[in-house]
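Structural description and commentary
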Amino acid sequence: MSASQSEATATSGPDDEAAGQDFYVFPASRAQKRMYFLQELAGDASTYHVPLFYTLTGAVDEEALREAAQGLVDRHEALRTRFAVRDGELLQLVSPESRVEWRVEDIADDDAAVERWVRRESDRPFDLLAGPLFRVALLRRSARKSVLLVDTHHIVTDGWSTGIILAELSRGYASRVAGAPDGQEPPEVQYADYSAWQDEWLDSAAAHRQERYWQERLAGELPVLDLPTPRPRRQDAPVPAAAGIHVFPLPGRAVDTLRALCLESGGTLFMGLLAAFNVLLNRYTGLDDILVGTPIANRNREEFENTVGLFVNTTVFRSDLSADPTFRELLGQVRDRVLEAQDHQDLPFERLVEMKNPERGAAASPVFQVMFGMNRAGDLSWTLPGVEVEWLPTPLSRAKFDLLLDATDGPEGVECSFEYRADLFGEQTIGLLAEHFAVLVGSIARGPDLPVSRLRLLTGPELARQAPPPPPPEG
């Protein structure tokens with residue numbers, strides 16, 4: 001039981017009483033309240049879940065895997081949580097104990113059948129009120145081939161939590177296969193402790209200082225980043241919308257040069273790519289005031305590092321390109337903004353939205369319309385003894401923003417993807433956008449001291465079409 005639970009009341013709701021199930025009741029966190037609101041707004045119960053699929057090659061000890069998954073649920077209260085709305089207030093209902101949702105299915109060893117199963121499971125919704133919000137399924141293809149699904153709703157997890165889940169699942173399985181005790185202890189604090197800490201912190205002087213910072217940084221009217229699209233934006237089209245994805249690499253030498261430039265400027269490659277993305281958006285829209293959102297782990301307290309839950313926060317970077325700075329100057333500006341945001345990351349994004357209260361409607365996201373994120377290669381990798389584990393990409397169904405640039409930094413270079421709203425952009429438009437970004441990064445590497453307006457964006461064929469025809473031959 002967490003420290004917060006000792007102060008909470010174990011209660012039974014009407015449905016719970018019939019099942020003989022008690023729950024510890026806590027207020028939902030700010031992030032959970034917003035996630036619940038977004039889930040209700042989307043109307044698609046599968047939009048905000050996080051399904052991870054892996055192909056397993058080798059003889060899997062199914063009972064060891066089930067017990068390892070049960071150990072996860074036993075240790076982490078977030079995986080035993082469902083929600084209730086009482087008197088208009090969203091509450092977390094934490095079960096003292098819960099059996100993991102575990103399924104094993106058999107299927108013909110056929111790729112098309114597996115793909116249909118993956119698509120079906122990707123779209124299978126969670127019920128936030130009934131739970132459970134964590135499930136594991138094993139699809140047997142043959143004696144030595146199977147597919148594993150680890151699925152969690154975003155309201156009780158985030159990217160950092162995914163790493164915890166996979167690491168603990170791996171250790172728990174290895175212990176059980178070896179016939180040894182699991183030995184993994186629950187985290188020092190549970191997610192409900194974080195919720196209580198956040199409520200207390202929001203009334204502190206530190207919170208008020210962060211609020212003043214963001215009021216200054218987001219002062220004035222916030223621009224809407226209206227990218228030119230081949231399809232008109234319908235004001236009644238809700239977000240999230242149907243999604244598309246386009247994957248592309250960045251030129252290796254250019255990335256190496258940009259990385260060195262960032263180090264020289266006291267920054268990171270994340271800052272360099274974010275600055276380059278700002279230039280791309282500036283050139284596409286003509287706006288000098290650019291707002292880009294990015295996820296931030298929000299685990300700057302050591303005791304939260306091993307706890308599963310929705311800690312991730314969203315922060316906003318605002319860049320000013322009105323003076324046509326050189327890229328080096330813009331990089332310095334972006335570096336400062338990122339460092340400042342990290343120092344003011346505790347204020348929930350929900351509070352920023354409340355502060356600004358922008359009138360956007362359902363067709364555009366509040367505060368910002370595009371996001372940038374960066375990952376390390378292998379973030380979704382893990383191991384099982386005696387079994388080869390390989391991540392299986394899943395179909396993308398819903399885009400939560402107009403455009404998301406996601407960069408993955410790996411030993412073979414940087415691979416990017418544009419996740420986009422398919423009701424606004426077509427594949428050809430996004431493909432050209434990706435080409436322009438790659439050309440831009442190369443231009444930055446060659447001329448970091450050029451004004452951003454002079455950095456090359458157009459591809460070779462586009463430049464050739466713009467060139468004047470050669471003069472006619474003399475004589």
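Bear in mind that the values here come from a model prediction, so they are computed numbers and not experimental data.

1. Regarding the pattern of salt bridges
In a structure, side chains of opposite charge can pair up when their charged atoms sit close to one another. Tallied over the entire structure, the rule returns 33 salt bridges. For Arg259, the salt bridge identified is with Asp409, shortest N-O distance 3.0 Å. Taken together, the residues span a long stretch of sequence, with Arg259 in helix 8 (residues 252-264) and Asp409 in strand 15 (residues 403-410) at a distance of 150 residues. Residues Arg351 and Glu354 are paired through a salt bridge, measuring 3.9 Å at the closest nitrogen-oxygen approach. Taken as a pair, Arg351 and Glu354 lie in helix 11 (residues 349-356) at a separation of 3 residues, close to a single helical turn. A network of salt bridges, in which partner residues are shared, links Glu101, Arg103, Glu105, Arg120, Glu121 and Arg124.

2. Digging into the sheet that holds strand 3 (residues 49-57)
With mixed pairing, the 5 strands of this open sheet are ordered in space as 6-7-8-3-13. Strands at the two margins of the open sheet, each flanked by one partner only, are strand 6 (101-106) and strand 13 (388-392). Here the average twist between neighbouring strands, direction ignored, is 20°. Here strand 3 runs beside strand 8 (residues 145-153); their pairing, made up of 9 bridges, is antiparallel. The partner of Thr57 across the bridge, within strand 8, is Lys145. Relative to the sheet, helix 4 (residues 111-122) contacts strand 3, strand 6, strand 7 (134-142), strand 8 and strand 13, its axis offset from that of strand 3 by approximately 155°.

3. As for the packing of aromatic side chains
This structure, assessed with the given rule, holds 20 aromatic pairs. Here the aromatic rings of Phe277 and Phe418 are separated by 6.5 Å at their centres, their planes lie at 40°, and the arrangement is tilted. Of this pair, Phe277 sits in helix 9 (residues 269-285) while Phe418 sits in strand 16 (residues 413-421), and the two are 141 residues apart along the sequence. An angle of 40° between the planes, with centres 5.5 Å apart, marks the rings of Phe304 and Phe311 as tilted. A network of ring pairs unites the aromatic residues Phe248, Phe270, Phe277, Phe317, Phe372, Phe418 and Phe437 as a single cluster. If you follow Arg82 out to its NZ or CZ, it ends over the ring of Phe23, 4.7 Å from the centre.

4. Notes on the side chain of Arg141
Take Arg141: it is sitting in strand 7. Once you skip the residues sitting within four places of it in the chain, Arg141 turns out to touch Ile107, Asp109, Asp110, Asp111, Val114, Ser146 and Val147.

5. Let's talk about the pairing of strand 4 (residues 81-86)
In the sheet, strand 4 pairs with strand 5 (residues 89-94) via 6 bridges, with the strands oriented antiparallel. In the sheet register, Val85 faces strand 5, and the bridge partner there is Leu90. Adjacent in sequence and paired antiparallel, strand 4 and strand 5 are bridged by 2 residues, among which Asp87 carries a positive phi angle near 55°.

About the cut-offs
- Residues numbered from 1 in each chain as written.
- Predicted model: local features only at pLDDT ≥ 70, side-chain atom pairs only at ≥ 80, totals over all residues.
- Heavy atoms only, no water.
- Salt bridge = Lys/Arg side-chain N within 4 Å of Asp/Glu carboxyl O.
- Helix = DSSP H or I, 4+ residues; strand = E, 2+ residues; numbered from the N terminus.
- Pairing = 2+ DSSP bridges.
- Axes fitted to C-alpha atoms, helices over the stretch in contact; angles between N-to-C directions.
- Contact = heavy atoms within 4.5 Å.
- Phe/Tyr/Trp six-rings, centres within 6.5 Å; stacked < 30°, edge-to-face > 60°.
- Lys NZ or Arg CZ within 6 Å of the ring centre and 35° of its normal.

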